[in-house]
Protein chains: 2
Amino acid sequence: MSALAAVYEGDGVVSTAPRTPPVPGPGQVRLDIAYTGICGTDLHVVHGSMDARVNPPAVIGHETAGRIVAVGAGVSWAVGQPATVMPTDRCGTCPACTAGHDHVCHRMNFLGVDAEGAMQSSWIVPAELLVPLPDDLPLDAAALVEPTAVAVHDVTRAEVAAGEYVVVVGGGPVGLLIAMVARTRGARVLVVEVDGGRRAVAESLALDVIDPTAEDVVSRVEAATAGAGAAVAFEVSGADAGINTAVDVLAVRGRLGLVAIHPQPKPVNLHRFFWRELTLVGARLYRREDMAEAVALIADGSVPVRPLISQVIPLARAPQAFEALAAGGAMKVLVDCRGEG
Amino acid sequence: MSALAAVYEGDGVVSTAPRTPPVPGPGQVRLDIAYTGICGTDLHVVHGSMDARVNPPAVIGHETAGRIVAVGAGVSWAVGQPATVMPTDRCGTCPACTAGHDHVCHRMNFLGVDAEGAMQSSWIVPAELLVPLPDDLPLDAAALVEPTAVAVHDVTRAEVAAGEYVVVVGGGPVGLLIAMVARTRGARVLVVEVDGGRRAVAESLALDVIDPTAEDVVSRVEAATAGAGAAVAFEVSGADAGINTAVDVLAVRGRLGLVAIHPQPKPVNLHRFFWRELTLVGARLYRREDMAEAVALIADGSVPVRPLISQVIPLARAPQAFEALAAGGAMKVLVDCRGEG
């Protein structure tokens with residue numbers, strides 16, 4: 001089997017290059033990667049927006065699933081075990097870590113950004129970052145454990161409870177995962193999405209979905225909640241209008257889960273936060289328990305993730321995978337890293 | 001004794017007019033008012049910004065203390081009892097009320113704005129809105145129970161806990177009351193205030209205070225917290241820069257208590273909310289338990305409010321009281337409604 005890696009060369013260029021499979025050191029394992037997904041952050045990296053953290057040439061990617069094929073000294077994991085990886089390698093000593101919030105470590109060494117990532121045939125990772133997968137979980141679905149863990153973390157941070165009405169603004173992969181995770185908690189969920197293709201995917205997952213350019217979202221939410229408004233809204237769109245929608249739909253004491261990345265300051269209707277005593281909750285990444293819940297929800301079928309996979313492209317053609325996602329219209333694009341073997 | 005009222009005539013004009021002391025109806029009491037304070041909302045009313053809710057000529061004012069002098073049918077309060085008033089008369093049937101959040105009722109009838117207020121010799125109010133005062137609490141101090149209840153509510157909403165580092169951005173009356181209430185909960189408190197006069201008042205209350213135009217607030221907070229940042233920040237300034245300061249000082253998982261009224265949407269660094277998993281908590285008005293705690297904190301001296309009283313002006317000269325506050329430099333201006341008697 002020929003070992004290969006997708007390499008971000010800088011300036012928007014991704015290439016592929018042969019790799020000699022490395023040997024795990026003490027405390028490390030070698031994973032042979034089955035699938036690695038591409039997310040918005042990976043696109044930002046390739047477009048050069050994160051060159052302050054990424055040193056090209058660099059192997060990126062952090063949404064992955066594979067199988068342990070070799071272990072270093074002091075590692076008790078079994079060869080053959082399917083696993084995914086928490087890419088959140090933390091320092092353990094900063095104020096965030098010592099306060100128990102090591103998933104948002106001040107000096108995070110995020111695998112796939114700050115360190116070598118998963119878009120290659122074989123990946124060496126610290127054994128302590130492994131998350132075990134059930135033997136019978138298909139590894140293409142398992143490559144979506146990481147974004148599902150994001151969704152679990154978001155829903156947990158916003159304290160979504162059974163019976164609550166939840167609005168998800170933005171129906172991309174993370175938005176639909178949030179919607180499905182909220183549904184597993186017993187919430188009634190409405191997805192707001194402008195793109196017809198994404199609305200069709202949402203409908204195929206039996207999610208209630210609305211086109212905000214064709215129908216008034218606030219009226220729909222008020223009608224569904226006897227005039228009260230939604231208990232929780234998630235802003236997953238990244239758009240200014242999405243922030244406004246998420247604020248406008250909320251009931252008194254409603255919670256706004258802030259998921260999308262807004263690099264620039266955005267105008268926010270703070271008066272509404274005051275008037276209705278709203279709460280805005282920032283949520284970033286996930287904790288180990290979120291990863292474990294994501295694995296369980298995918299494995300038992302309560303969060304079906306395969307409908308989110310738009311395309312699977314072989315590692316040898318990895319540059320096309322980035323192009324496919326950048327072109328728009330796709331949900332999740334996976335890179336098949338299994339090679340010819 | 002001549003009964004008098006201060007009357008907002010519209011277009012920035014306040015006058016005084018004689019009043020025949022009214023008789024309380026069923027469920028009502030007549031309070032003879034000792035002192036009524038003026039707050040920012042009252043100034044907004046007089047400047048015409050709230051004419052959609054206020055119908056001039058109107059008696060305004062809602063920060064008050066007095067004594068019951070007559071009771072209507074079905075009222076069990078004793079004549080002679082000193083009392084203040086919760087001006088938050090709610091409908092009881094809207095979604096906010098039925099969800100248990102009647103202090104932010106959708107159809108609030110706020111006394112002193114939507115209905116007749118306290119800046120007069122005698123005020124008729126529903127007995128159910130009375131809050132009893134201890135006999136030995138001076139009524140000038142008691143007129144600050146209402147803004148102190150705001151501060152109690154804010155500190156409670158932000159869940160300030162013992163040992164936490166709290167930054168209060170804006171050292172006006174409510175800011176300093178928040179600082180003092182947070183101190184009663186065992187917090188370490190820093191007040192951020194640009195005005196030297198207000199900083200001097202803060203210092204007279206033994207509060208730690210910083211001039212943000214002369215010293216870097218973030219550096220001060222980091223030095224005081226081993227680099228972590230503040231657990232809680234309150235935005236009480238109403239300024240765009242105040243929002244930024246409150247965001248910038250917060251530690252991972254910090255809470256921003258939003259107290260100031262920002263009528264227009266303001267730019268907010270949402271990326272920081274995401275990155276540090278911050279929470280923004282809107283807080284408005286108060287609940288009955290906040291009023292009760294405010295009375296207790298003022299009565300036992302743990303929140304000394306008299307240093308906040310800049311001036312006391314007789315009711316007959318009420319227009320000057322509004323001018324004094326509008327001119328800037330004052331903290332709390334009280335109107336003495338006791339007449340000549």
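Sequence positions are assigned chain by chain, starting from 1 and proceeding in written order. Chains and ligands are labelled sequentially in the order written, the chains with letters from A and the ligands with numbers from 1. Per-residue local features of the predicted model are confined to residues with pLDDT of at least 70, and side-chain atom pairs are confined, for both listing and counting, to 80 or more; whole-chain, interface and lining totals are unaffected and use all residues. In computing side-chain properties, one takes all heavy atoms of the structure into account and sets aside hydrogens as well as water.

1. Considerations on the overall build of chain A
Within chain A, the secondary structure is distributed over 11 helices and 18 strands. Using C-alpha atoms as the atom set, the radius of gyration is obtained and then compared with a globule rule of 2.2 Å times the number of residues to the power 0.38. Its C-alpha atoms give chain A a radius of gyration of 20 Å, within 12% of the compact-globule value 20 Å for 341 residues. Viewed in the frame of its principal axes, chain A has a C-alpha envelope of about 60 × 40 × 40 Å. Type-normalised accessible area, obtained with a 1.4 Å probe on protein chains alone, sets the label of each residue: buried when under 20%, exposed when over 50%, and partly exposed for intermediate values. Looking at chain A residue by residue over its 341 residues, the buried ones come to 57%. Contacts between residues were defined by any pair of non-hydrogen atoms, one from each residue, lying within 4.5 Å. By sequence separation, contacts in chain A at least 24 residues apart represent 69% of the contacts at least 6 residues apart. Here chain A displays about 12500 Å² of accessible surface, and carbon together with sulfur accounts for 51% of that area. Only four residue types enter the charge count: Lys and Arg as positive, Asp and Glu as negative, with His and the chain ends excluded. Here the site of a charge means NZ on Lys, CZ on Arg, CG on Asp, or CD on Glu. Chain A carries 25 positive and 37 negative side-chain charges, and their two centres are separated by 3 Å. The helix count covers DSSP runs of H or I at least four residues long, the strand count covers runs of E at least two residues long, and both are numbered beginning at the N terminus. For the accessible areas, the method is Shrake-Rupley and the probe is 1.4 Å, while residue cover comes only from the protein chains on display.

2. Observations concerning helix α10 (residues 288-299) of chain A
Residue and element names in this part refer to chain A. Between its first and last C-alpha atoms α10 spans 17 Å; for 12 residues at 1.5 Å apiece the expected length is 16 Å, and the two agree. For α10, the set of buried residues is D290, M291, A294, V295, L297 and I298. The inward-facing, buried residues of α10 contact β5 (82-85), β9 (130-132), α3 (139-142), α4 (145-157) and α5 (173-184). Downstream of α10 by one or two residues, G301 has phi in the positive range, about 85°. Helix span is expected to be 1.5 Å times the residue number reduced by one.

3. Let's talk about the relation of the copies chain B and chain A
Superposing the copies works by least squares over the C-alpha atoms of residues that have pLDDT at least 70 in both of them. Under the fitted operation, chain B is carried onto chain A by 0.0 Å of movement along the axis and a turn of 180°, and the coordinates agree to an RMSD of 0.0 Å. One copy is carried onto the other by what is essentially a two-fold rotation axis. In terms of C-alpha distance to the rotation axis, chain B has P267 of chain B as its closest residue, with the C-alpha 2.0 Å off the axis. The share of interface residues of chain B whose copies in chain A are also at the interface is 100%, consistent with both copies meeting through the same surface.

4. Concerning the packing of α4 of chain A against α10 of chain A
Residues and elements named next belong to chain A. The angle between two axes is taken between their N-to-C directions and runs from 0 to 180 degrees, where each axis is a line fitted to C-alpha atoms and a helix contributes only its stretch in contact. Running from N to C, α4 and α10 point in directions that differ by 115°, and their axes come no closer than 8 Å. The angle between α4 and α10 falls in the class roughly perpendicular. Remark: the crossing between α4 and α10 carries right-handed chirality. Here V145, E146, T148, A149, V152, H153 and T156 of α4 come into contact with α10, specifically with D290, M291, E293, A294, V295, L297 and I298. Asp, Glu, Lys and Arg are counted as charged, while Ala, Val, Leu, Ile, Met, Phe, Trp, Tyr, Cys and Pro are counted as nonpolar; the rest, among them Gly, fall into the polar class. Within the contact of α4 with α10, the residues separate by chemical class into 8 nonpolar, 3 polar and 3 charged. Here the word oblique covers every angle except those under 35 degrees (roughly parallel), over 145 (roughly antiparallel) and from 65 to 115 (roughly perpendicular). Handedness of a helix crossing follows the sense of rotation of the near helix relative to the far helix, less than a right angle counterclockwise being left-handed and clockwise being right-handed.

5. A closer look at the domain arrangement of chain A
Residues and elements named next belong to chain A. Where each domain starts and ends follows an automatic or database-derived domain assignment. The domain boundaries assigned to chain A delineate domain 1 (3-144 + 305-336) and domain 2 (149-282). Between domain 1 and domain 2, the residue contacts involve 7 residues of the former and 11 residues of the latter. Here's the idea: put two parts together, see how much 1.4 Å probe accessible area each one loses, and the total over both is what we call buried area. Note on domain 1 versus domain 2: buried area summed over both sides is about 740 Å², and carbon and sulfur give 77% of it. Each reported salt bridge corresponds to a side-chain nitrogen of Lys or Arg within 4 Å of a carboxyl oxygen of Asp or Glu. For the interface between domain 1 and domain 2, the tally reads 0 salt bridges. Any N or O atom pair separated by 3.5 Å or less is treated as a polar contact, with the protein-specific requirement of one donor-capable and one acceptor-capable atom, and with residues adjacent in sequence counted only for side-chain atom pairs. Linking domain 1 to domain 2 there are 1 residue pair in polar contact (both at pLDDT 80 or more).

6. A few points about the sheet that holds strand β14 (residues 250-258) of chain B
By definition, the strands of a sheet pair up through backbone hydrogen bonds, in either a parallel or an antiparallel sense. Paired strands, as defined in this entry, are two strands with at least two bridges between them according to DSSP. Strand order in the open sheet formed by 12 strands is β12(A)-β11(A)-β10(A)-β13(A)-β14(A)-β16(A)-β16(B)-β14(B)-β13(B)-β10(B)-β11(B)-β12(B), and the pairing between neighbours is mixed. The open sheet has two edge strands with one neighbour each: β12 (208-210) of chain A together with β12 (208-210) of chain B. On average, each strand axis in the sheet is inclined to that of its neighbour by 20°, with strand direction left out of account. Where strand β13 (residues 230-235) of chain A and strand β14 (residues 250-258) of chain A come together, 5 bridges link them in parallel fashion. Pairing of V232 of chain A across the sheet is with R255 of chain A, part of β14 of chain A.

7. Describing the pattern of salt bridges
Side-chain pairs of opposite charge can arise where the charged atoms are in close proximity. Applying the stated rule across the entire model yields 34 salt bridges over all chains. The salt bridge involving E277 of chain A is made with R157 of chain B; its shortest N-O contact spans 3.9 Å. In this pair, E277 of chain A is assigned in the loop between α9 (270-275) and β16 (279-282) and R157 of chain B in helix α4 (residues 145-157), connecting two distinct chains. The exposure classification of E277 of chain A matches that of R157 of chain B, with both residues buried. When salt bridges with common partners are traced through the structure, they connect R90, D102 and E128 of chain A into a single cluster.

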